[in-house]
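Here are the chains, one letter per residue:
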2 protein chains.
Amino acid sequence: MSFRAGGSAVASAASRPARTSALAIAAGESRAPGSDSSRRGVATKCSATAAAAVVIEGQRELYGQLCKKLKEVERLAGIQGLLSWDEQVMMPAGGAASRANQKTALAAVIHEKKVDAGLGDLLRQLQEEQEGEAASELSVHEAAVVRDAVRDYNHETRKSAELAGREADVEARAYAAWVAARKDGDWEAFAPSMEENGPDILPRFSVAHLPILTLVPRAFFAACSSLRKNNNTKTTTGKNAKLGKMVSVKRDVAEATRSELGGAYEGCLDQFERGMSTERLREVFGELKAGLVPLLRAIQEKVAKEDKSGAAAERHPTPLHSGEQWGKDEQAALCRDMAEKLGFDMSKGRLDVSVHPFTGGPGPSDVRITTRYSNNWMEGVAGTVHEVGHALYEQGRPGGDMEDLPVSRALSMGVHESQSLLWERMVFQSRPFWKFAAPLVRARFPHTKGVSDEAFYRGLNRVAPSLIRVDADEVTYPLHIILRFEIEQGLMDGSIAVKDVPSVWVSKMKELLGVDVPGDAEGCLQDIHWSVGAFGYFPSYTLGAVMACQFLEAAKLALPDLDSSLEDGNFEPLKTWLNREVHARGSLFASPDELLTEVTGDIMRPSALVEHLKSKYTEIYDL
Amino acid sequence: MSFRAGGSAVASAASRPARTSALAIAAGESRAPGSDSSRRGVATKCSATAAAAVVIEGQRELYGQLCKKLKEVERLAGIQGLLSWDEQVMMPAGGAASRANQKTALAAVIHEKKVDAGLGDLLRQLQEEQEGEAASELSVHEAAVVRDAVRDYNHETRKSAELAGREADVEARAYAAWVAARKDGDWEAFAPSMEENGPDILPRFSVAHLPILTLVPRAFFAACSSLRKNNNTKTTTGKNAKLGKMVSVKRDVAEATRSELGGAYEGCLDQFERGMSTERLREVFGELKAGLVPLLRAIQEKVAKEDKSGAAAERHPTPLHSGEQWGKDEQAALCRDMAEKLGFDMSKGRLDVSVHPFTGGPGPSDVRITTRYSNNWMEGVAGTVHEVGHALYEQGRPGGDMEDLPVSRALSMGVHESQSLLWERMVFQSRPFWKFAAPLVRARFPHTKGVSDEAFYRGLNRVAPSLIRVDADEVTYPLHIILRFEIEQGLMDGSIAVKDVPSVWVSKMKELLGVDVPGDAEGCLQDIHWSVGAFGYFPSYTLGAVMACQFLEAAKLALPDLDSSLEDGNFEPLKTWLNREVHARGSLFASPDELLTEVTGDIMRPSALVEHLKSKYTEIYDL
């Protein structure tokens with residue numbers, strides 16, 4: 001939380017007028033290239049009560065100025081959120097090129113404001129006053145604002161224009177190469193975008209073609225900001241031909257912005273999951289692997305045995321088949337009903353349709369979620385519930401004094417995912433929920449009249465290893481993530497070469513999931529993440545799954561009647577508990593572990609997920 | 001087109017390197033507080049050929065830098081267009097407050113860029129080089145870019161922060177007062193907002209409640225920018241209690257920004273209708289009044305006679321009654337069909353529903369139009385055609401090199417309205433159109449099977465004086481406008497007092513339309529315009545009607561088969577002609593008169609409208 005730039009001395013607090021609206025500038029101007037000790041000297045000299053009071057007065061003044069600047073940036077970023085939603089949901093195809101220009105113009109404005117020297121001066125002064133001996137008058141929430149503003153400012157300013165440009169260029173090229181390579185299932189065509197010294201591929205792509213991941217776009221976009229900036233960059237070969245490639249540019253970015261974390265992959269992780277280290281992640285994922293691989297084997301063996309005996313159909317008499325009788329209008333009405341029943345506030349949000357479901361929009365008072373309706377009706381409903389989970393977090397973030405300030409933001413991608421997964425997996429995929437939901441489905445879809453509550457529940461909860469992450473069930477999903485973590489971490493520390501990714505992928509899929517990979521398209525080219533530079537993002541999905549279990553455990557302790565209220569379709573107690581315990585805390589805590597400790601008494605505890613899955617599927621599969 | 005700020009000397013062109021990317025800054029830095037003659041001296045000294053070539057080189061460099069700055073502003077303004085569309089069409093009610101904050105933040109960024117000193121320096125240098133002896137290498141389109149950039153810069157910078165704040169404050173207060181006063185039909189409650197020294201009314205309003213006029217919002221918003229900026233201003237009584245009111249603040253704005261035009265009302269007009277003077281407008285409207293008042297009287301006498309004889313129903317056997325059988329889905333499908341048939345490019349736009357129909361969106365490649373569907377089906381269809389007229393202008397504005405530059409903008413509000421009215425009144429309300437359209441309506445609405453083409457045509461073309469402008473037919477509409485022009489012009493020059501507006505309104509309504517006004521709500525409080533400071537806006541509606549006639553006359557000369565192609569539903573020839581003659585010219589010309597002269601050979605000619613209406617309604621009413 002310190003500045004890389006050399007320390008700076010501020011004017012003596014005692015000599016500063018108590019209320020000066022130009023305080024920041026005055027202090028900035030009087031700054032001398034002083035040493036760290038000279039600054040400390042200033043601080044220690046003014047320990048008299050009167051002087052301390054003056055310091056506090058100045059601190060509040062500075063804090064007010066800081067908030068003004070931060071809110072301005074956040075409001076402009078909210079507009080980015082709306083542009084992004086519109087692009088995916090409303091924009092006609094012909095608008096893509098000028099939309100890209102508009103986004104570039106806005107991104108440039110925001111970047112300028114984020115690296116504004118005046119902002120840096122304010123932060124420096126506030127930090128110095130907080131570190132000084134005078135008592136801080138900032139509340140814990142205000143201190144968190146300063147903490148995260150410093151963090152953001154450091155990350156923004158430490159990336160040089162040259163590096164940002166190189167990163168943007170590589171990301172744009174790699175994304176275009178990935179789109180082409182995936183079509184052909186050919187990793188070798190993509191590999192040069194990842195490696196140093198590979199040939200150049202010249203893209204000219206529009207963000208309109210960029211699939212949106214199922215996530216809250218703001219956090220993701222923060223990580224991929226350089227991608228956005230580049231949307232309309234007219235890249236030329238010539239002088240850029242010697243540009244470094246993805247892996248090395250990501251190493252450089254990590255080193256430049258987060259060298260204090262001590263590693264390239266640490267730097268990547270920190271963009272999405274603050275406070276998480278590679279070592280810790282390896283422990284967490286090791287425990288998951290140790291618990292889930294045997295569970296999967298046991299399920300597979302049981303299924304194989306049942307297949308022979310014909311008992312499998314009895315276990316999963318699934319009504320979840322696709323077919324024409326699942327009308328899209330009825331699906332839409334059901335999804336809308338469910339979203340509202342779960343607590344999504346339609347007066348502060350919308351539910352629409354997009355190719356790739358996501359949660360986005362301009363801010364907590366206007367949260368836009370999307371889903372899609374296909375013949376596989378459950379996809380639309382499950383997608384809606386998942387996005388509602390994200391949306392409740394967004395709608396529940398702290399407002400009032402904290403609105404548009406860093407402390408009101410979601411804490412991490414993993415915590416965000418914990419909220420979507422809590423509703424999707426822990427509620428929607430639970431037995432109590434289907435006691436409530438089955439009648440709704442039967443009412444909308446008369447052909448399901450004979451389907452029991454239990455049949456819906458079992459239809460939703462089947463375990464079967466598959467090639468594709470996004471289609472995976474809750475037992476195999478973490479294994480997909482662990483595979484990706486091991487590979488991307490290896491790429492970053494150099495223990496895995498880019499050219500070896502396909503073979504490593506194949507052997508890890510066999511090891512973890514027992515699945516044979518027929519080609520790169522269904523293997524290492526299936527995900528967009530690496531092509532847009534989102535290294536370190538995958539772990540958040542599974543950290544979210546772990547945290548969802550921990551939060552639900554705590555909720556059940558606080559709400560002994562939770563299951564019966566879910567059966568009754570009364571989601572208010574759970575939503576209210578999450579609002580209070582998680583959502584309203586925004587980014588008050590400095591890491592998910594701190595939040596978890598406050599809410600559940602534990603730090604991240606992977607056994608929570610393992611126990612949950614073991615218990616659930618031991619019962620379902622009668623292991 | 002001159003700057004108010006004192007003249008500035010630039011570095012000698014001869015001493016300037018031929019290609020310096022920092023040219024503008026270098027020139028700006030070397031600027032001395034020189035007199036106008038010293039600047040001229042520089043220009044006359046470098047008349048040698050070599051030096052002239054250098055000047056031209058510099059000119060292109062400067063022009064390139066100018067375009068970069070202008071495009072950035074225009075792209076951010078495009079985002080404002082999207083925000084505004086979203087607010088009216090998509091935004092949930094709960095998003096209003098933070099949307100207002102977001103718009104305020106963006107408006108502040110745009111304002112900063114519009115009054116940027118670097119932009120001013122560039123413009124000064126470009127103007128000086130153009131006024132110098134060296135030949136200009138700028139094309140006519142490029143010269144128009146410079147011309148309008150100077151115009152915009154002057155208007156932006158001439159308004160002091162104090163004046164802009166005062167204007168914003170008065171507009172916000174007046175709007176809130178109008179909303180309340182209209183509800184009660186009480187002009188006296190609104191009058192203090194218009195007058196100096198009236199009591200203060202403290203509003204706290206959201207733009208979400210602001211009805212949108214039927215127009216292209218960009219131009220309107222440019223005029224009401226201060227309103228937008230103020231959406232979220234927390235106005236306080238105290239120190240603002242002595243603020244001037246609407247009429248005087250508008251006088252001050254006109255004096256500050258457009259003093260060269262020589263009058264307050266001239267300044268108001270120039271915001272919407274460049275090149276138009278009060279005197280000229282009085283002539284135009286005088287001619288319209290002289291032609292239309294007798295026409296209306298003749299129609300009314302005929303109708304009165306027919307009412308007695310029972311022949312009126314025969315003349316207008318209208319199928320245009322409202323009723324349940326006009327299903328909204330069918331109306332929507334019909335409107336979509338019509339929009340596409342008229343040439344609206346759905347790949348570069350959308351058609352949605354909003355409370356108040358409008359044309360807007362982020363730019364020419366993404367034009368968003370709206371309409372509304374009620375039991376009065378013709379309202380939705382006519383509204384769609386009207387907005388398509390605006391939209392074709394937007395979609396047809398020049399792109400390529402001219403994209404996002406002032407020269408690609410619509411020329412004036414009147415020219416914009418000429419395009420919507422050309423399609424709505426000259427095409428949609430014509431006999432040939434209904435030969436094409438009647439079968440479409442009959443196909444969608446079986447209960448109209450027995451309605452003849454002629455019955456649709458006549459049903460659409462009825463003349464009847466009424467109280468409300470927005471419901472008026474094409475003969476009485478101009479009289480509503482003339483009334484408003486006479487009053488607002490009188491308010492500006494002081495010949496009409498604010499308190500006398502209701503009585504003047506009543507007597508003018510009687511004089512022009514023969515109508516008795518029962519109260520202020522249906523009288524002088526019916527329009528939003530004055531309450532949001534849009535003085536000088538009303539005339540554009542009728543200037544548009546005049547120009548629509550002139551453009552259609554010219555189109556008929558160029559396209560002798562136009563009527564039969566309209567009968568066949570072939571709108572391509574007319575659209576293509578308008579694209580070429582009007583839309584693609586953007587703001588190349590400095591005034592509507594110049595454009596009219598180029599396209600039709602005439603300046604604004606009110607007799608075109610009088611003749612059109614006389615001829616049309618003499619036939620319909622058999623006068």
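What counts, and at which threshold
- Residues numbered from 1 in each chain as written.
- Chains lettered and ligands numbered in written order.
- Predicted model: local features only at pLDDT ≥ 70, side-chain atom pairs only at ≥ 80, totals over all residues.
- Heavy atoms only, no water.
- Domains from an automatic or database assignment.
- Buried area = accessible area lost by both parts, 1.4 Å probe.
- Salt bridge = Lys/Arg side-chain N within 4 Å of Asp/Glu carboxyl O.
- Polar contact = N/O pair within 3.5 Å; in protein donor to acceptor, adjacent residues only side chain to side chain.
- Helix = DSSP H or I, 4+ residues; strand = E, 2+ residues; numbered from the N terminus.
- Contact = heavy atoms within 4.5 Å.
- Least-squares fit on C-alpha atoms with pLDDT ≥ 70 in both.
- Phe/Tyr/Trp six-rings, centres within 6.5 Å; stacked < 30°, edge-to-face > 60°.
- Buried < 20%, exposed > 50% of the residue type's maximum accessible area, 1.4 Å probe, protein only.

Asks: Lay out the domain arrangement of chain A with the relevant residues and their values.
Replies: Residue and element names in this part refer to chain A. For chain A, the assigned domains read domain 1 (13-158), domain 2 (161-255) and domain 3 (282-620). Of the roughly 2800 Å² buried where domain 2 meets domain 3, counting both sides, 71% is carbon and sulfur surface. Where domain 2 touches domain 3, the interface holds 0 salt bridges. Summed over the shared surface of domain 2 and domain 3, the result is 9 residue pairs in polar contact (both at pLDDT 80 or more). Going through the elements one at a time, α7 (161-184), α8 (187-194), α9 (217-223) and α11 (246-258) are the ones with two or more residues in the side of domain 2 that touches domain 3.

Asks: Tell me what's going on with the interface of chain A and chain B, and back it up with residues and numbers.
Replies: Contact with chain A, which involves 36 residues of that partner, is made by 36 residues of chain B. Carbon and sulfur atoms make up 59% of the surface buried where chain A meets chain B, a total of about 2700 Å² over both sides. Where chain A packs against chain B, one counts 4 salt bridges. The salt bridge involving Arg-368 of chain A is made with Asp-86 of chain B; its shortest N-O contact spans 2.8 Å. Applying the counting rule to chain A against chain B returns 14 residue pairs in polar contact (both at pLDDT 80 or more). Of all the elements in the fold, those that place two or more residues in the side of chain A that touches chain B are α3 (49-89), α4 (96-114), β1 (349-353) and β3 (366-371) of chain A. For the side of chain A that touches chain B, the element with the most residues is α3 of chain A, which contributes 10 residues.

Asks: I'd like a rundown of the relation of the copies chain A and chain B, residues and numbers included.
Replies: For these two chains of identical sequence, chain A goes onto chain B by a turn of 180° and a shift of 0.0 Å along the axis, with RMSD 0.0 Å. Read as a symmetry element, the transformation amounts to a two-fold axis. Here 100% of the contact residues of chain A are again contact residues in chain B; the copies associate through an equivalent surface.

Asks: Could you give an account of the packing of aromatic side chains, naming the residues involved and the relevant values?
Replies: If you walk through the whole model with that rule in mind, you get 48 aromatic pairs over all chains. Taking the centre distance of 4.6 Å and the plane angle of 55° together, the rings of Trp-326 of chain A and Phe-445 of chain A count as tilted. With Trp-326 of chain A in the loop between α14 (312-315) and α15 (328-342) and Phe-445 of chain A in the loop between α18 (431-444) and α19 (453-460), this pair connects stretches of sequence that are 119 residues apart. Phe-445 of chain A shares its class with Trp-326 of chain A; the two are buried. Between Phe-433 of chain B and Phe-436 of chain B the ring centres are 5.5 Å apart and the planes differ by 75°, which places this aromatic pair in the edge-to-face class. Here Phe-436 of chain B and Phe-433 of chain B lie together in helix α18 (residues 431-444), a separation of 3 residues that amounts to about one turn. Across this residue pair, the class does not change: Phe-433 of chain B and Phe-436 of chain B are buried. Of the aromatic side chains, those joined through ring pairs into one cluster are Trp-326, Trp-377, Trp-423, Phe-428, Phe-433, Trp-434, Phe-436, Phe-445, Phe-456 and Phe-571 of chain A.

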